[in-house]
Amino acid sequence: MLHKNYSYKIAPIDNTIEGEISVSGAKNSILPIICASLLNDKHTKLYNVPNLNDVNILLKLLEYINVSNRYIVDKEILIIDGFQTNRIEIDIMSSYTREIRYSLLLIGALLGKGVKKIKINLPGGCDFSDRPYDIHLKGFEKMGCSIIQYPQYIDITVKKELRESEIELRFPSVGATENLILGACGVKGVTILNNIAIEPEIIDLINYLRKLNVKIDFISHRRLKIDSKFKKNLNINHRIIPDRIEAISWITLATLTSKKGILIKNIDISHLFAPLLELQKIGIYIEINQNKIFVKQTNYILNSSITSNVYPYLGTDYLPLFAVLLSNANNISTIKDNIYPKRFEYLDELSKMGLRYSQKDGLSTIQGETNYISNHVKATDLRGGFATLLAGIISKKETLIDNAYQIERGYANLIKKMNSIGITITKIDS
Ligand code: EPU
């Protein structure tokens, strides 16, 4: 078990917040690509790898099935040794599966590798909502697996061979799309996936698989063809795309705190159209220069009504950040999460610090002009935790956030980056 019992103590800001921050590699890209590396008999060398708890847990799961790796943290390089196996049966009954949602993707990766029987402990991850995985499992059944779900684990058996199929996802789930792409690599023939998610992290996974010579093409919008004939013995180098949620997190922080401005580097603007448009609508001034963004404090934020939806629309993970921004707006705003309609527990924590909000039928109404006050609160989940952190930074006195582990699941080198722009956060055992 990795150490989880710590809190963040945030010192009141008494100095100018300014400087430069470089965005790390995307959490939601590195996790599927680590799973995809299992398809390779030779080594995979990944660059721009964020040092995150979720990454370290997934690497423990790789070690559990005897795949070794070297993670050179200060260089952000991860080398995963080739997975040379003829095993047709693999059990992953490690308790680490329950620490992350994406342990689920090991199913697709092992099926893609040709494993015929997998027993895996249930997945875990951010506990902000029901997070079913029926779309993943239905897809694998369509490919020719029989699946039994036990209270503690899932048992997957390939009946004969994985077969060619056309699979319609009932919803464009990010994880299910990735899992089924990985599984399709084990089919001798063609798989068509319909109604898939098209997040930049999925494109990053596809780009990695193409380097492994998987033939994988978009036939039309949200429709993908995977032809699994591929060489699986190639040494591959791949650079993880920048984390788009982290980028918007720093923009939000700069907007709320930095009179002199923060330069945010290592950004891919093409992934950020929807959140940048929303930021522009509420009056945030941003200077863009290729892969860098410069943002200063905005004193007058306009109220708005924002809704999350599947990419390319505004992602659910941005909403807690917008909640804090809009709580500083000139008037009442509303927020609706169409992806996780029940993900608003973090608003309760923010209300302990002065947020005034109400909730009805999945619509959160947020009052503007909030004066955040310090308190002892908790990080309910990763993004909600960052929202609490933002409120703590702008409140006038010392704030304590329990369960800070949740925040470090998705923000690499967070304390160091905060310190570099003048924000003091101390980690304390709780
Ligand atoms: N869903 C189902 N059945 C399924 C799969 C999903 O009903 O089999 C539903 C979910 O309950 C949810 C919606 O479909 O209502 C979308 O879920 P999705 O599968 O797309 O989410 P995910 O793959 O589990 C990834 C990110 C999340 C992000 C969501 C939505 C990773 C590692 N995680 O999760 O990231 O919120 O997509 O964009 O890629 C985060 O970074 O904080 C985070 C939670």
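What counts as what
Sequence order as written defines residue numbering, which begins from 1 separately in each chain. Local features in a predicted model are, by the rule used here, given only for residues with pLDDT of at least 70; side-chain atom pairs are given and counted only at 80 or more, and totals for whole chains, interfaces and linings are based on all residues. Helix and strand definitions follow DSSP, with helices as H or I runs of at least four residues and strands as E runs of at least two, each counted in order from the N terminus. Our radius of gyration looks at C-alpha atoms and nothing else; its globule reference is 2.2 Å times the residue count to the power 0.38. Any residue with 12 or fewer other C-beta atoms within 10 Å of its own C-beta is exposed, any with 20 or more is buried, and the rest are partly exposed; the C-beta atoms used are placed from the backbone. Residues are scored as being in contact if the C-beta atoms we place from backbone atoms lie within 7 Å. Throughout the structure description, domain borders are defined by an automatic or database domain assignment. For this classification, the nonpolar set comprises Ala, Val, Leu, Ile, Met, Phe, Trp, Tyr, Cys and Pro, the charged set comprises Asp, Glu, Lys and Arg, and every other residue, Gly included, is treated as polar. Two strands qualify as a pair provided DSSP detects at least 2 bridges between them. Orientation is described by axes fitted as lines to C-alpha atoms, over the contacting stretch for helices, and by angles from 0 to 180 degrees between their N-to-C directions. Near, for a residue, is defined by distance from a backbone-placed C-beta atom to a molecule or strand, with 6 Å as the limit that must not be exceeded. What the arc measures is the spread of directions leading from the helix axis to the C-beta atoms. In this description, a nonpolar core means buried residues of the types Ala, Val, Leu, Ile, Met, Phe, Trp, Tyr and Cys, linked to one another by C-beta atoms lying within 7 Å. Geometric relationships in this document are graded by angle, where less than 35 degrees denotes roughly parallel, more than 145 denotes roughly antiparallel, 65 to 115 denotes roughly perpendicular, and other angles denote oblique. Each crossing gets its handedness from the near helix: less than a right angle anticlockwise from the far helix is left-handed, clockwise is right-handed.

Visitor: What is the right way to read the overall build of the protein chain from this model?
Guide: Within the protein chain, the secondary structure is distributed over 13 helices and 24 strands. Taken over the C-alpha trace, the protein chain has a radius of gyration of 22 Å; the compact-globule value for 430 residues is 22 Å, and the two agree within 12%. For the protein chain, the spread of C-alpha atoms along the three principal axes comes to 65 × 45 × 40 Å. Across the 430 residues of the protein chain, 50% fall into the buried class. Looking at the protein chain alone, contacts between residues at least 24 apart form 75% of all its contacts between residues at least 6 apart.

Visitor: What should I look at first to understand the domain arrangement of the protein chain in this one?
Guide: According to the domain assignment, the protein chain consists of domain 1 (6–24 + 242–429) and domain 2 (27–239). Computed from C-alpha atoms alone, the centre-to-centre distance between domain 1 and domain 2 is 31 Å. Counting from both sides, the interface comprises 20 residues of domain 1 and, opposite them, 15 residues of domain 2. Secondary structure elements with two or more residues in the side of domain 1 that touches domain 2: α11 (382–394) and α12 (405–408). When grouped by side-chain class, the residues that make up the side of domain 1 that touches domain 2 number six nonpolar, six polar and eight charged.

Visitor: Explain the sheet that holds strand β12 (residues 215–220) to me, please; I cannot follow it from the model alone.
Guide: Two orientations exist for strands paired in a sheet by backbone hydrogen bonds: parallel and antiparallel. Reading across the sheet, the four strands line up as β10-β11-β13-β12 and stay open at both edges, with mixed pairing between neighbours. In this open sheet, the two strands that pair with only one neighbour each are β10 (165–168) and β12. In this sheet, adjacent strand axes meet at a mean angle of 20 degrees when their direction is disregarded. Where β12 lies against strand β13 (residues 223–227), five bridges are found, and the strand directions are antiparallel. Considered in β13, the bridge of K215 is made with D227. Strand contacts of helix α5 (residues 174–184): β10, β11 (190–194) and β13, with the helix running at about 170 degrees to β11, the strand carrying the most contacts.

Visitor: Quick question: what am I supposed to make of the pairing of strand β20 (residues 357–360) here?
Guide: For a regular strand, the rule is simple: side chains alternate between the two faces of the sheet. Note: β20 against strand β21 (residues 363–366), four bridges, orientation antiparallel. Within β21, the residue paired with Q359 across the bridge is S364. In sequence, β20 turns back onto β21 through a hairpin of two residues, with D361 there showing a positive phi of about 50 degrees.

Visitor: Before we go on, may I ask you to explain the site of the ligand in this structure?
Guide: The environment of the ligand is formed by 26 residues, the closest being N28, I135, S173, V174 and G175. Looking at the shell around the ligand, its residues break down into 13 nonpolar, seven polar and six charged. Looking at which domains feed residues into the shell around the ligand, each of domain 1 (6–24 + 242–429) and domain 2 (27–239) supplies at least three.

Visitor: I tried to follow unusual backbone geometry on my own but got confused; where do I start?
Guide: Excluding glycine, most residues fall at negative phi; most peptide bonds, likewise, are trans. Here the bond from Y311 into P312 is cis, since omega is 15 degrees, no more than 30 degrees from zero. Position of P312 relative to the elements: it lies in the loop between β18 (305–308) and α9 (319–326). Non-glycine residue E369 carries a positive phi angle of around 50 degrees. Within the secondary structure, E369 sits in the loop between β21 and β22 (376–378). Judged by the 13 C-beta atoms lying within 10 Å of it, E369 falls in the partly exposed class.

Visitor: It is not clear to me how helix α4 (residues 134–142) should be interpreted in this structure. Could you clarify?
Guide: Among all positions in α4, only I135, H136, G139 and F140 are buried. Projected down its long axis, α4 carries its buried residues within an arc of 135 degrees, all on one side. Check the buried side of α4 and you find it contacts α3 (105–113), β8 (145–149), β9 (153–158), β10 and α5. A positive backbone phi angle near 115 degrees is found at G144, which sits one or two residues after α4.

Visitor: How should the nonpolar core be read in this particular structure?
Guide: Generally speaking, a soluble globular protein has its nonpolar side chains buried in company with each other. By size, the foremost hydrophobic cluster in this structure holds 130 residues, and its most contacted members are A36, I107, I264, A323 and L390. Built from parts of two domains, this core gets at least three residues from each of domain 1 (6–24 + 242–429) and domain 2 (27–239). Contacts of A323, omitting those with residues within four sequence positions, involve I335, L347, L350, I366 and A387.

Visitor: Explanation requested: the environment of A379 in the structure shown.
Guide: Relative to the helices and strands, A379 is located in the loop between β22 and α11. In the structure, A379 is positioned 372 residues away from S7 in sequence and 9.2 Å away in space, judged by C-alpha atoms. Ignoring anything within four residues of it in the chain, the contact list for A379 reads G384, G385, T388, I401, N403, A404, Q406 and I407.

Visitor: Quick question: what am I supposed to make of the packing of helix α1 (residues 27–36) against helix α6 (residues 200–211) here?
Guide: To describe two helices that pack against each other, one gives the angle between their axes and the distance between the axes. Contact pair α1 / α6: the axes reach a minimum separation of 9 Å and the direction vectors enclose 30 degrees. With respect to α6, the axis of α1 lies roughly parallel. As for how α1 packs across α6, the hand of that crossing is right-handed. Here N28, S29, P32, I33 and A36 of α1 come into contact with α6, specifically with E201, D204, L205, Y208 and L209. Split by residue class, the contact of α1 with α6 holds six nonpolar, two polar and two charged.

Visitor: Help me out: how do you make sense of the pairing of strand β4 (residues 69–72) in this one?
Guide: With four bridges joining them, β4 and strand β5 (residues 77–80) adopt antiparallel strand pairing. Pairing of R70 across the sheet is with I79, part of β5. The hairpin turn running from β4 into β5, its antiparallel successor, is four residues long, and E76 in that turn takes a positive phi close to 55 degrees.

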